[in-house]
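# Secondary and tertiary structure notes
Next come the chains, spelled out residue by residue.
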Amino acid sequence: SSYAEPQQQLADFPDGTVCIWNQLLKDRPEHRFECQSMVTVADFHPTNNKLIVGATNSGAVVIWDMRVQKRTPQTRTPFHTSHQRAVYAMQLVPAAQKVVNIYSLCNEGKLMVWRDDILENPSTQYKLLPEGDVAQARGEELLTTCFSTHSRNTNSVVYGASDGAMYKGSVFMMATDKEGNFVKGIKAHHGPSPMSSTIPRCPTELPNPLRTCSCRVRSTGRSNSGTTKHEDCVHTFSHMEDYVHDVRWSPVNPCVFACGDGLGKLNIFDLSKDWEVPVVEYEIAKDYEDSARNFAVCRLQWSNDGKSLLVGDSNGDLLLYDVAWSLAEPSEDDITKLTQSVQRKTTQLKSSLQRKQGGKS
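Here's what I pulled together on the structure shown here. Model, not experiment: these values are computed from the prediction.

Procedures and definitions
- Residues numbered from 1 in each chain as written.
- Predicted model: local features only at pLDDT ≥ 70, side-chain atom pairs only at ≥ 80, totals over all residues.
- Heavy atoms only, no water.
- Salt bridge = Lys/Arg side-chain N within 4 Å of Asp/Glu carboxyl O.
- Helix = DSSP H or I, 4+ residues; strand = E, 2+ residues; numbered from the N terminus.
- Buried < 20%, exposed > 50% of the residue type's maximum accessible area, 1.4 Å probe, protein only.
- Pairing = 2+ DSSP bridges.
- Phe/Tyr/Trp six-rings, centres within 6.5 Å; stacked < 30°, edge-to-face > 60°.

## What to know about the pattern of salt bridges
What the rule picks out here adds up to 9 salt bridges. The residue Glu34 makes a salt bridge to Arg71 at a minimum N-O spacing of 3.4 Å. Of this pair, Glu34 sits in strand β2 (residues 31-35) while Arg71 is found in the loop between β5 (61-65) and β6 (75-76), placing the two residues 37 residues apart along the sequence. Residue Glu34 is classed as partly exposed on the basis of its relative accessible area of 22%. Accessibility expressed as a relative area gives 48% for Arg71, which makes it partly exposed. Each of the salt bridges in this network shares a partner with another, and the network as a whole consists of Asp270, Lys273 and Asp334.

Here you go:
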């Protein structure tokens, strides 16, 4: 999906479109769905691949059904119960009794949880409020840009915001206060965080690392690796030279993640090999017919088996790459090296914090 304005305004062109592509049909989408509002994010239903769930610029959550001869949404949230601002982050979380919860987050810091079979009213909703005297005195609302649920505990949510901080919360424990919930902020970046991601298959010996990326004002790319337990940055990846727009862990290899920046560079890190230099550094401009063209990497998506990586650029193009089998099939030795590296860096971080606290006392 894309929420950019079309280059040529057409009277019959809808504001929002979602295209379903087939690898065998490279020149046209297999299915095209429409919406009255720009579609900001879309994803396949995790248990029914015939359903497409999306969120819109108007704040609504919509569902299309590929089995129905209809381009417009089959169901959607009512206007009076939907978000009143644009939704730029959404996640589908399987729950009990074959129900899938739809987590939607608008940029005013309001989270809503919907059941996929009941879209009339959200089952849970609350607005995030940053805690602390400084944040409250500032009088600014929390402009959230992304969020990610813990892979082993979907009740734990971490939010990224325009102020560069991460905010931690629990979905259902905090639902008792409908007026607002104060969440603890952790300073992570010097610029907005457009994406956060947790390891889908994290080794049980480790606290689940959270990776965030940042658009730096001084055009220096940065990706931070922290843990949801220690609330501190374990490592900063500063190899990138421009804004980092997206970062994604491999769904099958906890040592591997990919990130894309504003210079059109695709980087893949293997933390069992090196924490400083990516094992793959590729310029997507090489695959354009005109190599002089250069567009930013905006979105990344791994295939479920980790053997393919889909790249979306700022021009609206999609590029599908094959990934080396060594990155898609981790060995026990790779997992051991990752575990040892994270534990060593965490120990060094604790020692550094203790020395700082001792110096202040």
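After that view of the structure, there is still more to cover.
## Quick notes on the sheet that holds β5
In spatial order, the strands read β3-β4-β5-β6; together these 4 strands make up an open sheet with antiparallel pairing. Looking at which strands have only one partner, the edges of the open sheet turn out to be β3 (39-44) and β6. The pairing of β5 with β6 spans 2 bridges and is antiparallel. If you follow Val62 over to β6, its bridge partner there is Arg76.

## As for the packing of aromatic side chains
Counted according to the given criterion, the structure contains 8 aromatic pairs. Here the aromatic rings of Phe237 and Phe269 are separated by 5.2 Å at their centres, their planes lie at 65°, and the arrangement is edge-to-face. Of this pair, Phe237 sits in strand β18 (residues 233-237) while Phe269 sits in strand β21 (residues 265-270); the two residues are 32 residues apart in sequence, bridging distant segments of the chain. Through a chain of ring-to-ring contacts, the aromatic side chains of Phe237, Trp249, Phe257, Phe269 and Trp275 assemble into a single cluster.

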